[in-house]
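Chain by chain, the residues run as shown.
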Amino acid sequence: MNAHTSSSPKLNLIRLENGDGLDLPSYETAGAAGMDLRAAVAEAEPMTLAPGKRALVPTGFIFEIPAGYEAQIRPRSGLAFKNGITCLNTPGTIDSDYRGEVKVLLINLGEQDFIISRGMRIAQMVIAPVTQVRVAEISDVTETVRGAGGFGSTGV
Ligand SMILES: O=c1ccn([C@H]2C[C@H](O)[C@@H](COP(=O)(O)OP(=O)(O)OP(=O)(O)O)O2)c(=O)[nH]1
Ligand SMILES: [Mg+2]
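Worth saying up front: this structure is predicted, and the values here are computed from it rather than measured.

1. What about the overall build of the chain?
Line of reasoning, step 1. Per the secondary structure count, the chain includes 1 helix and 11 strands.
Line of reasoning, step 2. In terms of C-alpha radius of gyration, the chain reaches 19 Å, well past the compact-globule figure of 15 Å for 156 residues.
Line of reasoning, step 3. The principal-axis extents of the C-alpha atoms in the chain amount to approximately 60 × 45 × 30 Å.
Line of reasoning, step 4. Considering the chain as a whole, with its 156 residues, one finds that 31% of them fall into the buried category.
Line of reasoning, step 5. If you take every contact in the chain between residues at least 6 apart in sequence, the share linking residues at least 24 apart comes to 71%.
Line of reasoning, step 6. Summed over its atoms, the accessible surface of the chain is roughly 10400 Å², and 52% of this surface lies on carbon and sulfur atoms.
Line of reasoning, step 7. Counting 14 positive and 17 negative side-chain charges, the chain places the averaged centre of each group 4 Å from the other.

Listed below in structure tokens is the structure:
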């Protein structure tokens, strides 16, 4: 289910051997921001994530992120709320020139073992535009009302 149009950017992908038979990453509702990614762990070998432990979970796909975009790997709130499962490096950054398998770095912040089985929707991937700036070193920055105030300077 999705709301793309013919002018939407195209996401090319290659399915790896471990992704055989897995559903493609998919938007679950018409207005979903992220495509859910599935665990490409072996059917016969589900992964057990003990409390406090982390693991890189394969997705079974290589993506060709269009130039000018990145992919952000974000946790699913349901897994976070129910099981304490989140992405350790959230949001994970997939560079547009990355040509390896996308993997999801999960951590179990819950109190129970968490079993990751093949095809489980473990995270979501948001494709977002990014800008690369030209870096320029200068001697003075412009004055602003905020100045160097931060970290709660405007009150609660
Ligand atoms: O959750 C993630 C984060 C990253 N990557 C891949 C794609 C990304 O393009 C590459 C590098 O990620 P990042 O720049 O976050 O890691 P780094 O520690 O800076 O590694 P590198 O030196 O390779 O850039 O690793 C993933 O598959 N999943
Ligand atoms: Mg990097």
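2. So, the UniProt feature "domain: dUTPase-like" (unreviewed entry) in the chain
Line of reasoning, step 1. The feature "domain: dUTPase-like" (unreviewed entry), as given by UniProt, occupies residues 23-155 in the numbering adopted here.
Line of reasoning, step 2. Segment residues 23-155 splits into 5% helix and 39% strand. End C-alpha atoms: 48 Å apart.

3. Observations concerning the site of ligand 1
Line of reasoning, step 1. In the vicinity of ligand 1, the contacting residues are Asn89, Gly92, Thr93, Ile94, Asp95, Tyr98, Glu101, Val102 and Lys103.
Line of reasoning, step 2. One of the backbone N or O atoms of Lys103 is found 2.7 Å from a nitrogen atom in ligand 1.
Line of reasoning, step 3. Protein burial of ligand 1: of its 570 Å² of free accessible surface, 49% is covered by the chains.
Line of reasoning, step 4. Elements with a contribution of two residues or more to the shell around ligand 1: strand S8 (92-94) and strand S9 (101-108).
Line of reasoning, step 5. Partitioned by chemical class, the residues of the shell around ligand 1 number 3 nonpolar, 3 polar and 3 charged.

4. Focus on the side chain of Glu101
Line of reasoning, step 1. Take Glu101: it is sitting in strand S9.
Line of reasoning, step 2. One buried charged residue, Glu101, remains without a salt bridge, the closest side chain of opposite sign being Lys103 at 4.3 Å.
Line of reasoning, step 3. Of note is the side chain of Glu101, whose polar atom sits 3.3 Å from the backbone nitrogen of Thr59.
Line of reasoning, step 4. Beyond its immediate sequence surroundings of up to four residues, Glu101 is in contact with Leu16, Asn18, Pro58, Thr59, Gly60, Phe61 and Ile62.

5. Concerning the pairing of strand S5 (residues 54-64)
Line of reasoning, step 1. Counting buried positions along S5 gives 8 out of 11 residues, so the element sits mostly inside the fold.
Line of reasoning, step 2. The sheet contact formed by strand S1 (residues 12-15) and S5 spans 4 bridges and is antiparallel. Pairing of Ile14 across the sheet is with Ile62, part of S5.
Line of reasoning, step 3. Direction of pairing for S5 relative to S9: antiparallel, over a ladder of 6 bridges. Across the sheet, Ile62 pairs through a bridge with Glu101, a residue of S9.

6. What about the sheet that holds strand S3 (residues 35-38)?
Line of reasoning, step 1. The 5 strands are arranged S2-S3-S11-S6-S8 in an open sheet whose pairing can be described as antiparallel. With one partner strand each, in any of the chains shown, strand S2 (26-27) and S8 form the two edges of the open sheet.
Line of reasoning, step 2. Sheet topology note: the strand S6 (residues 69-74)/S8 ladder contains 3 bridges and is antiparallel. Bridge pairing links Ala71 to Ile94 in S8.

Scoring rules and cut-offs
- Residues numbered from 1 in each chain as written.
- Chains lettered and ligands numbered in written order.
- Predicted model: local features only at pLDDT ≥ 70, side-chain atom pairs only at ≥ 80, totals over all residues.
- Heavy atoms only, no water.
- Helix = DSSP H or I, 4+ residues; strand = E, 2+ residues; numbered from the N terminus.
- Rg over C-alpha atoms; globule rule 2.2 N^0.38 Å.
- Buried < 20%, exposed > 50% of the residue type's maximum accessible area, 1.4 Å probe, protein only.
- Contact = heavy atoms within 4.5 Å.
- Areas by Shrake-Rupley, 256 points an atom, 1.4 Å probe, with all protein chains shown as cover.
- Lys, Arg positive; Asp, Glu negative; His and termini not counted.
- Charge placed at Lys NZ, Arg CZ, Asp CG, Glu CD.
- UniProt positions renumbered as here; feature names shortened; annotations may be inferred.
- Near = heavy atom within 4 Å.
- Polar contact = N/O pair within 3.5 Å; in protein donor to acceptor, adjacent residues only side chain to side chain.
- Nonpolar A, V, L, I, M, F, W, Y, C, P; charged D, E, K, R; others polar.
- Salt bridge = Lys/Arg side-chain N within 4 Å of Asp/Glu carboxyl O.
- Pairing = 2+ DSSP bridges.

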